[in-house]
Amino acid sequence: MHFERKWSRRLTEEPAFFYTVAAFITSVIVLEVLYIYTSADFWAMKFIDIINAIAQFATAGAFAFAVFQYTKSKKNERQTILVQECRDLISQMSAVANSFESSPEHGLEQTSFFTEKMHSLSGSFNAIFKELVEDTHKTIVRMRWQEMYFSDFSRAMEKWSLRSILADIGVDKGLYDMLELSYRYSVKKNSTTDFIATSNPFKKYNEAKSIISNEYVRVTLENKKTIGDHFQFFERNFFTNSELNDHLYGYCNIIDVKARAPVLAVINETLAITLRDAILEQAKVEKA
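Just so it is clear, the structure is predicted and the values come from calculations on it, not from any experiment.

Participant: Break down the overall build of the chain for me, citing the residues and quoting the values.
Facilitator: Check the secondary structure of the chain and you find 14 helices and zero strands. The linear arrangement of helices and strands in the chain, starting from the amino end, is α-α-α-α-α-α-α-α-α-α-α-α-α-α. In the chain, which comprises 288 residues, the proportion classed as buried is 35%. Per element, the accessible surface of the chain, about 17,500 Å² overall, is 59% carbon and sulfur.

As structure tokens, this is what we get:
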């Protein structure tokens, strides 16, 4: 399956065959040692003694097999519970993303609730996802997460409004509109064509960066540093390649926050830059 880590799956399957081979080889070695180091009288046993010995081995083997089956059954039961919990968390994340997307307002309060809730759900999901055995069930969970990420979550991120967020912290909307028009005019003026290229994946990021670079806007935003702490953790969970490597296996697993979440990227670069660097560095260390 395209989304399954097959090399990992083979290593994590129950190696029953290898256990059997190992037991057989061990038995042969034990018999050889007994044959070499025991007296001839030891081998002068009756047929009934051989049958009894075989019966004892069979009883021990049956007991070992029963223990093995019980252990395997408990592991499968645990795996089923974890998989179901993962799917429930993905459904909750989709619901939160859809709620934010359909909301008529996308100011600081709505955006903060969205990031905090998604950060909480993703933290729970990641903790369980790491415990899943690499098999078909985990592959399906990975596919469901990707469906959520590239549909519901991506549409929600498109609704982020830098204008509304800045207005909620005291930046006049008229000033924002003026800065926005000024930037677009400068881009069009410096362009070699009569239209602004829309294929640039960093177009929105560059525009947001230009607006926040205004001294008044930047100072106003920096005076509200506390609004950005959970934004940093949100970026780590959903836009850090080291964090998403396993989640996006089999797909485009290289994510650039500047292209997919330009408003988030600009705010995080402006606020608590030391905290952002520490969080991203810690993510790399944990995945190493």
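Participant: So what's going on with the nonpolar core? Which residues, and what values?
Facilitator: Judged by nonpolar contacts, the single largest core of 55 residues is most densely connected at Phe114, Trp145, Phe153, Trp160, Phe234 and Phe239. In terms of residue count, the dominant contributor to this core is helix H3 (residues 47–102) (nine residues). If we ignore the near neighbours within four places in the chain, the residues touching Phe153 are Ala97, Phe114, Met118, Met148, Phe234, Phe238 and Phe239.

Participant: Break down helix H4 (residues 108–129) for me, citing the residues and quoting the values.
Facilitator: For H4, built from 22 residues, the straight-helix expectation of 32 Å at 1.5 Å per residue is met to within 8% by its first-to-last C-alpha distance of 31 Å. All of the buried residues along H4 are Leu108, Thr111, Ser112, Phe114, Thr115, Met118, Leu121, Ser122, Phe125, Asn126, Ile128 and Phe129.

Participant: Give me the lowdown on the confidence of the model for the chain, citing residues and values where you can.
Facilitator: Mean pLDDT over the chain stands at 80; residues scoring 70 or higher make up 67%. Across residues 7–13 the pLDDT falls below 50, and counting only partners more than four positions away or on other chains, this stretch makes six contacts in the model.

Participant: Pulling in residues and values, what's your account of helix H8 (residues 203–212)?
Facilitator: An α-helical turn contains 3.6 residues, so a residue and the one three or four places further along point in the same direction. Three or more residues of H8 are buried, namely Tyr205, Glu207, Ala208, Ile211 and Ile212. Looking straight down H8, one finds that the buried residues subtend no more than 165 degrees of arc, so they occupy a single side.

Participant: Provide a residue-level description of the packing of aromatic side chains, including the pertinent values.
Facilitator: Using the criterion set out here, one finds 16 aromatic pairs in the structure. Both rings, one in Phe125 and one in Trp145, keep their centres 6.5 Å apart while their planes meet at 25 degrees; by these two values the pair is stacked. One end of the pair, Phe125, is in helix H4; the other, Trp145, is in helix H5 (residues 136–158), and 20 residues separate them in sequence. Each member of the pair, Phe125 as well as Trp145, is classed as buried. Seen from their ring centres, Phe153 and Phe238 are 4.7 Å apart, and the 25 degrees between their planes marks the pair as stacked. Of this pair, Phe153 sits in helix H5 while Phe238 sits in helix H10 (residues 229–239), and the two are 85 residues apart along the sequence. Of the two residues, Phe153 and Phe238, both sit in the buried class.

Participant: For the environment of Gly174, give the residues involved together with the corresponding values.
Facilitator: Within the secondary structure, Gly174 is located in helix H7 (residues 173–190). We classify Gly174 as partly exposed; its relative accessible area is 41%. It is 9.9 Å that separates the C-alpha atoms of Gly174 and Arg163, two residues lying 11 residues apart in sequence.

Participant: Would you mind going over the pattern of salt bridges in detail, with residue names and values included?
Facilitator: Summed over all chains, the structure comprises 14 salt bridges. Between Arg142 and Glu134 there is a salt bridge whose closest N-O contact spans 3.2 Å. As far as burial versus exposure is concerned, Arg142 and Glu134 are alike and both buried. The structure contains a network of salt bridges with shared partners spanning Glu134, Lys138, Arg142 and Asp246.

What counts, and at which threshold
- Residues numbered from 1 in each chain as written.
- Predicted model: local features only at pLDDT ≥ 70, side-chain atom pairs only at ≥ 80, totals over all residues.
- Heavy atoms only, no water.
- Helix = DSSP H or I, 4+ residues; strand = E, 2+ residues; numbered from the N terminus.
- Buried < 20%, exposed > 50% of the residue type's maximum accessible area, 1.4 Å probe, protein only.
- Areas by Shrake-Rupley, 256 points an atom, 1.4 Å probe, with all protein chains shown as cover.
- Core = buried A, V, L, I, M, F, W, Y, C linked by side-chain atoms within 4.5 Å.
- Contact = heavy atoms within 4.5 Å.
- Expected span 1.5 Å × (residues − 1).
- pLDDT = per-residue confidence, 0-100.
- Arc of directions from axis to C-beta.
- Phe/Tyr/Trp six-rings, centres within 6.5 Å; stacked < 30°, edge-to-face > 60°.
- Salt bridge = Lys/Arg side-chain N within 4 Å of Asp/Glu carboxyl O.

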